[in-house]
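Reading the structure
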Amino acid sequence: MKIYLIGFMGAGKSTVGKLLSKSLNGTFIDLDQLIEQENGKKISDIFKEDGETVFRKIEAECLKKTDAQIIATGGGILYFDETAEWLRGNGVIIYLHAPFEELYSRIKGDRSRPVAAKPYKDLKSLFAKRDGVYKRTAHHQVSVSNRLPEETVKDIISRLG
Ligand SMILES: Nc1ncnc2c1ncn2[C@@H]1O[C@H](COP(=O)(O)OP(=O)(O)O)[C@@H](O)[C@H]1O
Ligand SMILES: O=C(O)C1=C[C@@H](OP(=O)(O)O)[C@@H](O)[C@H](O)C1
Ligand SMILES: [Mg+2]
């Protein structure tokens, strides 16, 4: 069974995914790292040099080719409508959720995340839009608010049964 972690930037998908894979003794991939390896450049350079549309196509291709058991996706993984259905047909989807302000405080000023460079109000409305899509797509919603990543891992494992 594959486990896909989804959620907004700063939710802890990369951090929790790595820990979860250790607890479950499963293989792990951070999709952003896979994209950087396959393309030989940083996400921020792909955005700068090739544009977001190219990045999204690469992201969707990398998602479909990874054979890892635990996958930390990027916050924009549901950019194409068909990706939600593809994900649900290929594994268990966990939405890591926290209120926007908490996530914003984790990502503001982080230059490695090009989307986080948007102004506060644009990020807030992006969160509002994506939150609904994450909720509709996920099998489980797990809180990452005021919680250590280790606690989130325990919560995920208990929900998986
Ligand atoms: N539970 C948590 N509590 C506080 N900070 C966290 C937590 N999980 C992750 N972080 C921090 O938030 C930032 C984003 O984490 P990251 O795992 O990269 O999130 P994502 O992959 O969802 O964007 C990092 O600086 C990380 O150390
Ligand atoms: O939300 C987004 O659109 C993005 C989130 C990033 O991943 P994280 O969610 O791990 O920061 C990364 O895929 C890229 O910078 C775009
Ligand atoms: Mg990440």
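Residues numbered from 1 in each chain as written. Chains lettered and ligands numbered in written order. Predicted model: local features only at pLDDT ≥ 70, side-chain atom pairs only at ≥ 80, totals over all residues. Heavy atoms only, no water.

An unreviewed UniProt entry annotates the protein chain as Shikimate kinase of Jeotgalibacillus haloalkalitolerans. Per its UniProt entry, the protein chain bears the Function (unreviewed entry) comment "Catalyzes the specific phosphorylation of the 3-hydroxyl group of shikimic acid using ATP as a cosubstrate." In its Pathway (unreviewed entry) section, the UniProt entry covering the protein chain states "Metabolic intermediate biosynthesis; chorismate biosynthesis; chorismate from D-erythrose 4-phosphate and phosphoenolpyruvate: step 5/7." (UniProt positions renumbered as here; feature names shortened; annotations may be inferred.)

1. Details of helix α4 (residues 52–65)
Taking 1.5 Å per residue as the helical rise, α4 with its 14 residues ought to reach 20 Å, and the 20 Å between its terminal C-alpha atoms agrees with that figure. Of the positions making up α4, those classed as buried are Phe55, Arg56, Ile58, Glu59, Ala60, Cys62 and Leu63. Considering only its buried residues, α4 is in contact with β1 (3–6), α2 (31–39), α3 (43–50), α5 (81–88) and α7 (120–137). (Helix = DSSP H or I, 4+ residues; strand = E, 2+ residues; numbered from the N terminus. Expected span 1.5 Å × (residues − 1). Buried < 20%, exposed > 50% of the residue type's maximum accessible area, 1.4 Å probe, protein only. Contact = heavy atoms within 4.5 Å.)

2. Brief notes about the environment of Arg147
Checked against the element boundaries, Arg147 lands in the loop between β5 (140–143) and α8 (149–160). In this structure Arg147 comes out as partly exposed when scored by relative accessible area, which is 27%. As a C-alpha pair, Arg147 and Ala84 span 63 residues in sequence and 27 Å in three-dimensional space. Apart from residues no more than four positions distant in its own chain, Arg147 is found in contact with Val142, Thr152 and Asp155. In terms of polar contacts, Arg147 uses its side chain to reach the backbone carbonyl oxygen of Ser143, at 2.8 Å. (Polar contact = N/O pair within 3.5 Å; in protein donor to acceptor, adjacent residues only side chain to side chain.)

3. Let's talk about the layout of surface pockets
Roughly 720 Å³ of volume is contained in the largest pocket. Within the residue set of the lining of the largest pocket, elements represented by two or more residues are α1 (13–24), β2 (28–30), α2, α3, α4 and α8. For the lining of the largest pocket, the element with the highest residue contribution is α1, accounting for 5 residues. Residues belonging to the lining of the largest pocket are distributed by class as follows: 12 nonpolar, 12 polar and 12 charged. Quantified by volume, the second largest pocket comes out at close to 320 Å³. What lines the second largest pocket is a set of 16 residues, among which Leu78, Tyr79, Leu126, Lys129 and Arg130 lie closest to the centre. Listing elements by their share of the lining of the second largest pocket, those giving two or more residues are α4, α5 and α7. Here the lining of the second largest pocket gets 5 residues from one element, more than from any other, and that element is α7. Residues of the lining of the second largest pocket, tallied by class, amount to 8 nonpolar, 2 polar and 6 charged. (1 Å grid on protein atoms, 1.4 Å probe; cavity = no way out; pocket = protein on both sides within 12 Å on 5 of 7 lines; lining within 4 Å. Points joined across faces, edges and corners; volume = space filled by probe spheres on them. Nonpolar A, V, L, I, M, F, W, Y, C, P; charged D, E, K, R; others polar.)

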